[in-house]
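Structure assessment
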Amino acid sequence: MAAADARALCPGLVTRPAAPEAEARFLAMLARWATRWCPWVGLEAPDGLVLDLTGAAHLHGGEAATLDRLGASLARGGITARLGLADSRGAAWALARHGSGDGNGGGNGGGRARPGETRAALAPLPVEALRLDPETAAGLRRMGLETIGHLLEQPRAPLARRFGPGLVTRLDQALGTRGEEISPLPEPPRDAVRMTLPEPIGLKDDLRGLTARLLGRLCATLAAREVGARSLRLTLRRVDQSDLQVELRLASPMVEPARILPLFDRGIEDLDAGFGIDQLRLQATLVEPMPPRQLTQSGLTRRGLTQSGSAAPPARSAALDDLVTRIGNRIGLENVQRLLPADSHIPERAFLRAPFAWSEPATGWFAPRIRPLSLFPPEPVETPGPGPHPPRRFRWRRMRLTTLRATGPERIAPEWWLDDPGWRRGLRDYWRIETREGRRLWLYFTPQDPGWFAQGEFA
């Protein structure tokens, strides 16, 4: 129903915006948690999980005890769930969503069917419990077939002719006479390698050598998946069971051990090995895709050949990325920035600042007029009079300057849709001023509120 009608029926109704992506992530996280009960856990779209307890229920005291413990754990976590237990996936789905009994002893609904009693447990449930589409369920109800028990009393052939084979298939799946696969969630990739040493080590050269070996194994794994490391963590375990960590953030995805290894030198030099290190673990805590990039017009790429002449973004220099990585690990990668073009005719808004590590160089710079090399906030200029023409003599930054040549004006209007305090004086008439003293300035005049200001300096 509409939200207004719902509030009329329930004045205290609390509504929140739907977040399907967040719900899907939570369900995937819940599926990983459920592997503590059995190794075969799959998703039951859109809001359920399916667990195959075959061969694992005895580890928790049997199927019924497993269901009780599972429900109690969910209740302790504040999760309201409906649990179903049956010999088949379809029957468990039906009991979980349409069962009227207490599924877990903890207040969550659902139902259970004892082994071999699936037909009796399904009989009183509505036909919607067979996972039918709404049209089929409505057609069955118009014929007076409202429960699964009514369907079980009917011959199969007329049902299949009237409603199609899907109805019979769902009925067989619920009864367990037709198999139904459970596809478990794939294991997330483990971007980590580990090495345990028979004897502890403490020399820096030994640590570098073992780190190089771990890097080779890790980078080979990442390259096979066509991803690159953006953040690495080297964990070293000392013999006293304490851990030392070296964090490394990279300016671009990398899979080349020869480039990454020198970046660990600073962190390894600062380590205190104590009485020795007996285990090393290297983990890529953040990875990003590394699609092939074209390097030459002949079609040569970083990992193979592509069609000759295909478009590719400008390649970033590996040496520049390494330099930014070294600087960024000292002052923070977000503090190493680049300038990108912006769609604005306002001089101070014609560019954007973006972190170098998370942006690509842009080639769309376009300047319809000459712009100064140095741009700074407007500074007042003392002139003999408030006229709109460039003054012959003026004072700026305590310097007396004489105009030798003036080019302009270039009128720039403010962007009315943005409230910028710096542009509240209105229009600006910009002039390029060359002075006898050698200064080449960018001055502007404001006609509405007469006054001269300097905003930039040419080379």
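What you see is a predicted model; the values in this text were computed from it and never measured. Every chain is numbered on its own, with residues counted from 1 as its sequence reads. Selection of residues for local features in this predicted model requires a pLDDT of at least 70, selection of side-chain atom pairs for listing and counting requires 80 or more, and totals for whole chains, interfaces and linings are taken over all residues. Hydrogens and waters are ignored; side-chain quantities use all the structure's heavy atoms.

Topic: the packing of aromatic side chains
Given two aromatic rings, one states the distance between the centres and the angle between the planes to describe the pair. Rules: Two rings belonging to Phe, Tyr or Trp (six-membered ring only in the last case) form a pair when the distance between their centres is within 6.5 Å. Interplanar angles under 30 degrees mark stacking, angles over 60 mark edge-to-face geometry, and anything in between is tilted. With a 1.4 Å probe rolled over the protein chains alone, any residue whose accessible area is under 20% of its type maximum counts as buried; one over 50% counts as exposed, and the rest are partly exposed.
With the rule as written, the count across this model stands at seven aromatic pairs. A centroid spacing of 6.2 Å and a plane angle of 70° characterise the contact between W33 and W37, whose relative ring orientation is edge-to-face. Since its relative accessible area comes to 28%, W33 is described here as partly exposed. For the ring pair W416 and W417, a centre distance of 5.4 Å and an interplane angle of 90° mean the geometry is edge-to-face.

Digging into the environment of F394
How we decide: Where helices and strands are cited, they refer to DSSP runs of H or I of at least four residues and of E of at least two residues respectively, numbered from the N terminus. What makes two residues a contact is simply this: any of their non-hydrogen atoms within 4.5 Å.
Checked against the element boundaries, F394 lands in strand β13 (residues 393-396). Along the chain, F394 and P384 lie 10 residues apart, while their C-alpha atoms are 7.1 Å from each other. Not counting residues within four places of it along the chain, the set of residues in contact with F394 comprises V381, E382, T383, M399, R400, L401, T403, I433, T435, L441 and L443.

What to know about the pairing of strand β2 (residues 48-51)
Rules: Strand pairing follows a simple DSSP-based rule, namely that at least 2 bridges must link the two strands.
Residues of β2 alternate between two faces, with G48 and V50 buried on one and L49 and L51 left unburied on the opposite face. In this sheet, β2 lies alongside strand β1 (residues 41-44) in antiparallel orientation, the contact comprising four bridges. Bridge pairing in β2 places L43 opposite L49. The loop that links β1 with its antiparallel partner β2 comprises three residues.

So, the sheet that holds strand β6 (residues 192-201)
Let me state the cut-off plainly: Each axis is a line fitted through C-alpha atoms, and for a helix only the stretch in contact is used; angles between axes span 0 to 180 degrees, taken between their N-to-C directions.
Overall, antiparallel pairing links the four strands, which are arranged β6-β9-β7-β8 in an open sheet. The two strands at the open ends of the sheet, each matched to only one other strand, are β6 and β8 (243-254). Within the sheet, the average angular offset between the axes of one strand and its neighbour, ignoring direction, is 15°. Relative to strand β9 (residues 277-289), strand β7 (residues 227-238) is paired through 11 bridges, and the arrangement is antiparallel.

Brief notes about the pattern of salt bridges
For clarity, the cut-off: What makes a salt bridge here is a side-chain nitrogen of Lys or Arg within 4 Å of a carboxyl oxygen of Asp or Glu, nothing more.
According to the stated counting rule, one finds 26 salt bridges in the structure shown. E334 is the partner of R249 in a salt bridge, and the nearest nitrogen-oxygen pair spans 3.5 Å. Taken together, the positions of R249 in strand β8 and E334 in the loop between α13 (318-331) and β10 (337-341) put the pair 85 residues apart, joining distant regions of the chain. Residue class for R249 comes out partly exposed when judged on its relative accessible area of 33%. Judged by its relative accessible area of 37%, E334 is partly exposed. Several salt bridges converge on common partners, so that one network encompasses D205, R208, D265 and E269.

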